Amino acid sequence: MRTIFEDIIIPFLAIAIAELGDKTQVSILLLSARTQKYRNIFFGVFFAFLIVDGIAIALGNLITSTVDVTILKPISGFVFIIFGVYMLLNKKEEKEEKNYDKNIFVSAFLMIFLTEWGDKTQVAAALFATQYNALFVLLGTMLALSVLSLIAIFFGKILNKKLNRTLLKTVGGVVFIILGITCFIF
């Protein structure tokens, strides 16, 4: 006989392990290294995860069976490349950083919302919802993604204080482009 604990902890552990070190966590770390509005980043990614994974859980595996993942991966890659190129080409430092801080919630939300469709954790959450209580699967999934996002934001905060802003911007731009390219290759 299954318990509520199993319906939460199994998705939590599986999602946490699958997402640990994933491109999403690297992206959140890089975003948080560029601003001090960590709460805005967290809520941006939280609501994006909630929508993307909530829809997947609500529909079970319908999304992955009706939407071709081979279409979703290039879209994700394109979004990452756009973020990277923008970071590399944008030369406005001081004024742009203030605008970036104002829009960090939207940036974080869109980055996750546009790149997580068809991701392995979304598929896993959808599959768990076919076997376990969907509400508890959502709770376990959101707990895992929230904990990992907070860890990424914490490390981004450390990088923000220790690294040169220009170097961080360049490295971040290059990493986003590499993440985008890998979406086309793998």
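Quick caveat: nothing in here was measured; it's all calculated off a predicted structure.

What counts as what
- Residues numbered from 1 in each chain as written.
- Predicted model: local features only at pLDDT ≥ 70, side-chain atom pairs only at ≥ 80, totals over all residues.
- Heavy atoms only, no water.
- Helix = DSSP H or I, 4+ residues; strand = E, 2+ residues; numbered from the N terminus.
- Buried < 20%, exposed > 50% of the residue type's maximum accessible area, 1.4 Å probe, protein only.
- Polar contact = N/O pair within 3.5 Å; in protein donor to acceptor, adjacent residues only side chain to side chain.
- Patch = residues over 30% accessible without salt bridge, like charges linked within 9 Å, V, L, I, M, F, W, Y side chains within 5 Å.
- Areas by Shrake-Rupley, 256 points an atom, 1.4 Å probe, with all protein chains shown as cover.
- Salt bridge = Lys/Arg side-chain N within 4 Å of Asp/Glu carboxyl O.
- Core = buried A, V, L, I, M, F, W, Y, C linked by side-chain atoms within 4.5 Å.
- Contact = heavy atoms within 4.5 Å.
- Expected span 1.5 Å × (residues − 1).
- Arc of directions from axis to C-beta.

This part takes up the environment of Thr 35. Note on placement: Thr 35 falls in the loop between α2 (23–32) and α3 (38–58). Exposure remark for Thr 35: the relative accessible area of 1% places this residue in the buried category. Each C-alpha atom, one on Thr 35 and one on Lys 157, is 8.1 Å from the other, the two residues being 122 residues apart in sequence. Within polar-contact distance, the side chain of Thr 35 engages the backbone nitrogen of Lys 37 at 3.1 Å.

On the surface, Phe 43, Phe 47, Leu 50, Phe 105, Val 106, Leu 110 and Leu 114 cluster together into a nonpolar patch covering about 530 Å² of accessible area. Looking at the nonpolar patch, the elements that each hand over two or more residues are α3 and α7 (104–115). Broken down by element, the residue count for the nonpolar patch peaks at four residues, all from α7. Mapped onto the elements, Val 106 comes out in helix α7. For Val 106, a relative accessible area of 44% corresponds to the partly exposed category.

If you look at the biggest cluster of nonpolar residues, it comprises 35 residues, and the most contacted ones within it are Ile 28, Ile 41, Phe 49, Met 111, Ile 112 and Phe 176. Breaking this core down by element, the ones donating at least two residues are α1 (4–19), α2, α3, α5 (69–89), α7, α8 (120–129), α9 (134–162) and α10 (165–185). In this structure Ile 41 touches Ile 28, Leu 31, Ser 32, Thr 35, Ile 104, Ala 108 and Ile 153, once residues within four positions along its chain are discounted.

With respect to the secondary-structure elements, Thr 115 resides in helix α7. With a relative accessible area of 2%, Thr 115 lands in the buried category. The residues contacting Thr 115, other than those within four sequence positions of it, are Lys 23, Ser 76, Val 79 and Phe 80.

Our focus in this paragraph is the pattern of salt bridges. Per the counting criterion, the structure on display carries three salt bridges. Bridged by salt links that share partners, the residues Asp 22, Lys 23, Glu 116 and Asp 119 form one connected network.

To continue, consider α1. Spanning 16 residues, α1 covers 23 Å between terminal C-alpha atoms, matching the ideal 22 Å at 1.5 Å per step. Within α1, the full set of buried residues consists of Asp 7, Ile 8, Pro 11, Ile 15, Ala 16 and Glu 19. In a view along the axis of α1, the buried residues occupy a sector of 130°, so they form one face of it. Along α1, exposed side chains directed more than 90 degrees from the buried face belong to Phe 5 and Ile 17. Contact partners of the buried residues in α1: α2, α8 and α9. Positioned one or two residues after α1, Gly 21 has a phi angle of 75°, which is positive.

By themselves, these are just geometric observations and shouldn't be taken as functional.
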